[in-house]
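# Analysis of the macromolecular model
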Amino acid sequence: MKFFKKHLFSLIAVVATLVATSVASSACWWFVYQPEEPKCLRDK
């Protein structure tokens, strides 16, 4: 039973790492996006 638990926790750790990596890399695209500055906020 200990063998099964050890491998189960290892599998959960691997899946969590993959999910965290994919979420972090997809969030970078939002960081790159810069909307156009409204005319009322521009320096004259």
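This section reports on the structure supplied with the text. Because the structure is a prediction, the values reported are computed rather than measured.

### As for the overall build of the protein
Helix and strand counts for the protein stand at one helix and zero strands. Entry remark: accessible area of the protein is about 4800 Å², with carbon and sulfur atoms responsible for 72%.

### A few points about the pattern of salt bridges
Oppositely charged side chains can form a pair if their charged atoms are brought close together. Inspection of the entire model under this criterion finds one salt bridge. Residues Arg42 and Glu36 are paired through a salt bridge, measuring 3.2 Å at the closest nitrogen-oxygen approach.

### A closer look at a nonpolar patch on the surface
A surface patch of nonpolar side chains, amounting to about 590 Å² of accessible area, comprises Met1, Phe4, Leu8, Phe9 and Ile12. Residue Ile12 is classed as partly exposed on the basis of its relative accessible area, which comes to 47%.

The rules behind these values
Residues numbered from 1 in each chain as written. Predicted model: local features only at pLDDT ≥ 70, side-chain atom pairs only at ≥ 80, totals over all residues. Heavy atoms only, no water. Helix = DSSP H or I, 4+ residues; strand = E, 2+ residues; numbered from the N terminus. Areas by Shrake-Rupley, 256 points an atom, 1.4 Å probe, with all protein chains shown as cover. Salt bridge = Lys/Arg side-chain N within 4 Å of Asp/Glu carboxyl O. Patch = residues over 30% accessible without salt bridge, like charges linked within 9 Å, V, L, I, M, F, W, Y side chains within 5 Å. Buried < 20%, exposed > 50% of the residue type's maximum accessible area, 1.4 Å probe, protein only.

The quantities given are spatial measurements derived from coordinates; they are silent on function.
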